[in-house]
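# Architecture at a glance
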Protein chains: 2
Amino acid sequence: QMPRGNLETVHHRALVLAQLRMWLDGLRFREAFECMRKLRINLNLIYDHNPKVFLESIETFITQLNSINNINLFLTELKEEDTTCSMYPRPAGGPVHPQPIPGKKKVDVVCDALRSTMESMDSNKFCLSILTAHVKKTVPELETALQKVHELRENPPKAPGAVGAEEALKYLLFLVNVNDLYEHSLGTYDFDLVLMVAEKSQKDPKEYLPFLNMLKSLEPNYQRFTIDKHLKRYRKALHHLSNCGDEHFPEALKLVKEQKLHSEALRLYAADSAHYKSLSCAYAEHLMEQQQAEQAGLLLWRCGEPVSALQAFASCSSWRNAICVAQQIPLPPDQLALLARDLAEKLAEQRRHSEAALLLDQYAKDCEEAILALITGAVWEEALRLIYMHNRQDITETNLKPALLDAVSTQTVFLETQVATFTRHRTRLAVVREQKEKAKLDMLDEDGPDCPDAELYSEASSVMTGSKYSQSNSRISSRSSKNRRKAERKKLSLKEGSPMEDKALMHALAEIIATVDKMREEIHSLLKALVLFQFDKQAEKLQLSYEEALQMMEAAVPEVWPEGLHSSPAPLTGPNSTANSIMASFQQQQRPAASQLDAEMPPPPKMRNGVKWKLAVLQ
Amino acid sequence: QMPRGNLETVHHRALVLAQLRMWLDGLRFREAFECMRKLRINLNLIYDHNPKVFLESIETFITQLNSINNINLFLTELKEEDTTCSMYPRPAGGPVHPQPIPGKKKVDVVCDALRSTMESMDSNKFCLSILTAHVKKTVPELETALQKVHELRENPPKAPGAVGAEEALKYLLFLVNVNDLYEHSLGTYDFDLVLMVAEKSQKDPKEYLPFLNMLKSLEPNYQRFTIDKHLKRYRKALHHLSNCGDEHFPEALKLVKEQKLHSEALRLYAADSAHYKSLSCAYAEHLMEQQQAEQAGLLLWRCGEPVSALQAFASCSSWRNAICVAQQIPLPPDQLALLARDLAEKLAEQRRHSEAALLLDQYAKDCEEAILALITGAVWEEALRLIYMHNRQDITETNLKPALLDAVSTQTVFLETQVATFTRHRTRLAVVREQKEKAKLDMLDEDGPDCPDAELYSEASSVMTGSKYSQSNSRISSRSSKNRRKAERKKLSLKEGSPMEDKALMHALAEIIATVDKMREEIHSLLKALVLFQFDKQAEKLQLSYEEALQMMEAAVPEVWPEGLHSSPAPLTGPNSTANSIMASFQQQQRPAASQLDAEMPPPPKMRNGVKWKLAVLQ
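Residues numbered from 1 in each chain as written. Chains lettered and ligands numbered in written order. Predicted model: local features only at pLDDT ≥ 70, side-chain atom pairs only at ≥ 80, totals over all residues. Heavy atoms only, no water.

Of the regular secondary structure elements, chain A holds 32 helices and 0 strands. Taken over 619 residues, chain A has a buried fraction of 47%. Within the structure as shown, chain A displays about 32000 Å² of accessible surface, and the carbon and sulfur contribution to it stands at 53%. (Helix = DSSP H or I, 4+ residues; strand = E, 2+ residues; numbered from the N terminus. Buried < 20%, exposed > 50% of the residue type's maximum accessible area, 1.4 Å probe, protein only. Areas by Shrake-Rupley, 256 points an atom, 1.4 Å probe, with all protein chains shown as cover.)

Our focus in this paragraph is helix α23 (residues 353-362) of chain A. Of all 10 residues making up α23 of chain A, 8 are buried, and the element is well covered by its neighbours. Turning to α23 of chain A, its buried residues are His353, Ala356, Ala357, Leu358, Leu359, Leu360, Asp361 and Gln362 of chain A. Close packing links the buried residues of α23 of chain A with α21 (319-328), α22 (333-349), α24 (367-376) and α25 (380-389) of chain A together with α23 (353-362) and α25 (380-389) of chain B. (Contact = heavy atoms within 4.5 Å.)

Take the side chain of Asn72 of chain A next. For Asn72 of chain A, the position within the fold is in helix α6 (residues 68-77). Classification of Asn72 of chain A as buried rests on a relative accessible area of 7%.

Residue and element names in this part refer to chain A. Confidence along chain A averages 84 in pLDDT terms, with 83% of residues attaining 70 or more. Confidence drops under pLDDT 50 across residues 451-479; counting only partners more than four residues distant or on other chains, this segment forms 35 contacts. Taken as a whole, residues 584-599 scores under 50 in pLDDT and shows 45 contacts with residues more than four places along the chain or in a different chain. (pLDDT = per-residue confidence, 0-100.)

Looking now at empty space enclosed by the protein. One pass over the structure, following the stated rule, counts 5 cavities of 30 Å³ or more. Of the volumes computed, that of the second largest cavity is approximately 80 Å³. Leu298 and Asn321 of chain A together with Trp380, Glu381, Leu384, Leu400, Ser525, Lys528, Ala529, Leu532 and Phe533 of chain B together form the lining of the second largest cavity. Where the lining of the second largest cavity is concerned, the elements lending two or more residues are α25 and α30 (520-532) of chain B. Broken down by element, the lining of the second largest cavity gets its largest block of residues, 4 residues, from α30 of chain B. Within the lining of the second largest cavity, the residues separate by chemical class into 7 nonpolar, 2 polar and 2 charged. (1 Å grid on protein atoms, 1.4 Å probe; cavity = no way out; pocket = protein on both sides within 12 Å on 5 of 7 lines; lining within 4 Å. Points joined across faces, edges and corners; volume = space filled by probe spheres on them. Nonpolar A, V, L, I, M, F, W, Y, C, P; charged D, E, K, R; others polar.)

Residues and elements named next belong to chain B. For the pair helix α12 (residues 191-200) and helix α13 (residues 205-216), the least separation of the axes is 12 Å and the interaxial angle reads 180°. As far as their axial angle goes, α13 and α12 are roughly antiparallel. For the pair formed by α12 and α13, the contact residues are Phe191, Val194, Leu195, Ala198 and Glu199 on the first element and Tyr208, Leu209, Leu212, Leu215 and Lys216 on the second. Considering only residue class, the contact of α12 with α13 consists of 8 nonpolar, no polar and 2 charged. (Axes fitted to C-alpha atoms, helices over the stretch in contact; angles between N-to-C directions. Parallel < 35°, antiparallel > 145°, perpendicular 65-115°, else oblique.)

Below, the discussion takes up the pattern of salt bridges. Using the criterion set out here, one finds 72 salt bridges over all chains in the structure. In this structure, Glu119 of chain A engages Arg115 of chain A in a salt bridge whose closest nitrogen and oxygen atoms are separated by 3.4 Å. Here Glu119 of chain A and its partner Arg115 of chain A are both found in helix α7 (residues 106-122), 4 residues apart, which amounts to about one turn of the helix. For Glu119 of chain A, a relative accessible area of 32% corresponds to the partly exposed category. Residue classification places Arg115 of chain A among the buried positions, given a relative accessible area of 15%. The residue Glu294 of chain B makes a salt bridge to Lys528 of chain A at a minimum N-O spacing of 2.9 Å. Of the two residues, Glu294 of chain B is situated in helix α19 (residues 293-302) and Lys528 of chain A in helix α30 (residues 520-532); the pairing between them involves two chains. When its relative accessible area of 18% is taken as the criterion, Glu294 of chain B is described as buried. (Salt bridge = Lys/Arg side-chain N within 4 Å of Asp/Glu carboxyl O.)

This part is about the environment of Lys541 of chain B. Residue and element names in this part refer to chain B. Its location among the elements puts Lys541 in helix α31 (residues 536-560). Here Lys541 falls in the exposed class, since its relative accessible area comes to 63%. In this structure the C-alpha to C-alpha distance between Lys541 and Thr412, which are 129 residues apart in sequence, comes to 8.8 Å.

Residues and elements named next belong to chain A. Where α25 contacts α30, the two axes come as close as 9 Å, and the packing angle between them is 45°. Relative to α30, the element α25 is oriented oblique. Judged by residue contacts, Trp380, Glu381 and Leu384 of α25 engage Ser525, Leu526, Lys528, Ala529 and Leu532 from α30.

Omega for the bond connecting Ile329 of chain A with Pro330 of chain A falls within 30 degrees of zero, at -15°, which places this linkage in the cis form. Here Lys260 of chain A, not a glycine, exhibits a phi torsion of approximately 55°, which is positive. Tracing the backbone through its elements, the reader meets Lys260 of chain A in the loop between α16 (249-259) and α17 (262-268). Unusually for a residue other than glycine, Tyr189 of chain B sits at a positive phi of about 60°. Residue placement: Tyr189 of chain B occurs in the loop between α11 (178-187) and α12. By relative accessible area, Tyr189 of chain B is classed as buried at 15%.

Looking now at the environment of Ala337 of chain B. All names here are of chain B. Following the sequence through the fold, Ala337 ends up in helix α22 (residues 333-349). A relative accessible area of 18% places Ala337 in the buried class. The spatial distance from the C-alpha of Ala337 to the C-alpha of Tyr363 is 5.6 Å, given a sequence separation of 26 residues. Excluding residues that lie within four positions of it along the chain, Ala337 makes contacts with Tyr363 and Ala364.

All told, the structure shown has 26 aromatic pairs over all chains when counted by the stated rule. Three or more aromatic residues joined by ring pairs make a cluster, and in this case those are Phe29, Tyr47, Phe54, Phe61 and Phe74 of chain A. (Phe/Tyr/Trp six-rings, centres within 6.5 Å; stacked < 30°, edge-to-face > 60°.)

Looking at the secondary structure, you find His248 of chain B in the loop between α15 (234-242) and α16 (249-259). If near-sequence neighbours (up to four positions away) are discounted, His248 of chain B is found in contact with Tyr222 and Leu241 of chain B.

Attention now moves to the environment of Lys346 of chain B. All names here are of chain B. With respect to the secondary-structure elements, Lys346 resides in helix α22. Separated by 29 residues in sequence, Lys346 and Ser317 place their C-alpha atoms 7.1 Å apart. If we skip the residues at most four places from it in the chain, Lys346 touches Ala314, Ser315 and Ser317.

In this structure the tally under the stated criterion is 0 disulfides over all chains. Cys281 of chain A takes part in no disulfide bond, and the closest cysteine sulfur to it belongs to Cys303 of chain A, at a distance of 4.7 Å. (Disulfide = S-S within 2.5 Å.)

What follows is the structure in structure tokens.
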């Protein structure tokens, strides 16, 4: 923002800034400061101009200013903003000074540096400025400031003209809201200090004296708890309350529940105490509400509440823990079996068939159900293991073999649809790309080589495909890039003519490849089971279709994700090229790198060719 | 390749080609053909000039040439090479004609097309050309040609002047090596034909007659087997031999073993036959040699050789199958237990502790060893399950808890080293990048903006880092890009000053991120076990260090894999830009896309933030 006024003023300000910079470079802070005050130039510039040099010259700065008021003025005007970026930009080519202490805030850095220098120079003389430095920090250090006032009262400085407690307190009240100061004085648990602040404030003694007297009458731990609670410092409050003895535990439990201080609370009580148990139960209840049933179960189990723990574990299918707790209780065998069946049912719903089978086999003692669960889950080898373990070869004929043949046809049909979809998308992608290319060339023809909007081509080309979708063109900061990617992915649509149809197709193709590639293990184990039961023909056919599908997709990768998107095939320069022709040819290549290669464009999928799935006996 | 000679000839040839193209475009094949013969221009051009048009005009072509000899000349001169790409390049701007039938060879396409047209026009008249078309195919169809000769002999053509069997055979012998023809005549199993060829050949009847007479004396299937074997057509031979009855099975088995026709052989015999079993055993032996023990086991098991199958399965840790077979044999309990222990030991070596535990628990009936295996494998929940199942809570105190504490310190130390290595690589990467940037700028300064070698900068910059390694600059076809990537990955070295050090560092950083990210599940289960046994402090510490490590790495990703590598941050054009400055600034951005983004540059690793591992109770 330029200052208002006529051109002359503008010019004048630039000259003034040049002068100020010279003064600051020469460490002539006094001249700079006075000029800035007079011309109302933001004092932050003193620091912003060159933070490192300023921090190294603080003593010079203080000595030159030589006035508590001036120092206070500087401190109170401090802001996080860097004025050399906003109000007073550096002259072009000037050096940029980074924040000297990364991660710390500028205001805090300056306050701390000034304060410690003043304390080492003359803490009496600079007393009020020191207080200002405490108060001005981004999180004001009111208690420290109050503590200093209190010290002044306890040990009044002997030096003539030194600031007394009264004056310091008055000054603090001028800087800070009286109620804030009163609250913070309470937080020191120092009633002298509280009274001192209260007296200086406009508060009615009838209001605060009864409260203070009540507090004074309390047992020290409970007193501090009461103060902390009053000040909403609940963690501290809980800490003090935990030292107040058993009779106050219900109050503590209430506080924990209200303020959700469960983790804190568990650290304050012995793990073998009754209080610990009560707190654990309360915490577990809270965790259950937060959908953290397993952790609730762990807390309940370890504090000796196995029945509740069992409920918690069962509710979240943490079946191993559930079974262990059940056996610890111990649950009678029939109930254990029931529990196992319940858990197995839930696991089967989550397609965790192996685990369901284990429960059915070992705890419900129902090997038949266990084997059927494994067959449902296509866990062929494990199914066979249980069949032999329990000598139930009859199930091989009745269930296993038919299931194997079913699996072959299911997988074959699935592969066929995947291949068909893949081919459809691939063909469509070629069409879309050709259209875009054509649209781009048409644009170039229309506007001729002098067109200044070259960089708009690729943007425009997506519009050219005849859609009504529009692409937002808003500037994007690197910070928001994650959200942007999410938003852009949402824009992807496979609908014909959608502006990002090509990218949507690439995404869809990558997904199909990933899905089909993921089948390697499943197909491998199915093929082995088929061979074992002499279904060689079906196995050969399946192996062939899967292999063809994989090969077809692998062969399509260079076409769908051409290397050309990264490299430059066409010659760029030559005797006939102009700046514009070079630009244009670069735009064509570079744009993909800038926009397409972004989040929307998935990298070519990697196929796990290291996972061997083929059977030599079927070749 | 330009023809040798003085400039005049060169010029003349160009004019001739222009004339030829006009003739061919006008379907004036006769003029073209005669001119080409006279001037020794490769006849392939007749097809190559415009394959599609030629294939549509074959009848015209044949009619115009009107001479068996000319057609034969054209056929014999056919080559796979496209003469418009090699000898007679098309004039600039001329249309490029793709192969009309992709996937089929040009020579085959032309031979087939000519032959079928001639057959439909007058198969007697074009007899010799038809034979030529058969013989000239990339895999000569000698048997079909011979069959046609045989037919001529059986049914001599009545038309006057038609080619007889004798003449045709003579012609064939002129085209093809006599031994080849003799062998192929044998392959028709037609002794008349064989004799006809043999008589025409220079072969000594004393040589071939005994062999033919011996063959004639054989049983038909065995006869065909003998011929096929003689011709090294082993698959066919095996097929015929399998029809020769049981007494010939040993010979078949020998053939299968010698020629590795196991898969074929299994298809020829019934699955319940003794032969099938012998073949399966032979195949299994072969598969064992090929390190395919599991498949060998499957074949042995299904053909009723459980003892050998058990050995095969055990040798490759296919433990489920091994146990099933063992129970089918059935192995006595003590031997089954021994087998289970052996298998478990091997599995533990492969860090498959859960499976080892299952064997120890269920088959070796040694729950203690099973639990210890699970503890060794850090499978905490499953260990606890077995502890409760077998009521061995004593192991919790003696082994489980100490192992948990060990695991905490191991993981902590591991995380520390990973974080330290990560930080070291990251710092070094910043240094290397700065050096490269500086080297690039230095180059630009030295050469000035008119330097024509702008595209060499980035190549050169890697040399500038003071290494003695050099990057090969050879042209790369897209086909060899896979091998190239492999080779380039090998070049990556973390050694300071290595030319690709930056990429090597990025690889190393990506690997560390992947390693640490992979620990989520392990840390999660360890944390839960720690909480259960009240080791809250250790758990909290571990959770904190792991979280810090993950956050540090995630925060480093934008620095190590900057988005700037893909996009263009600097302004490119403006009133002061020149063609050269635009080029230079593009080179800087575009090069990374072309070379760095290639295989050597790993994409930013994706962290599995979806995998929740943190415990709320530890926060």
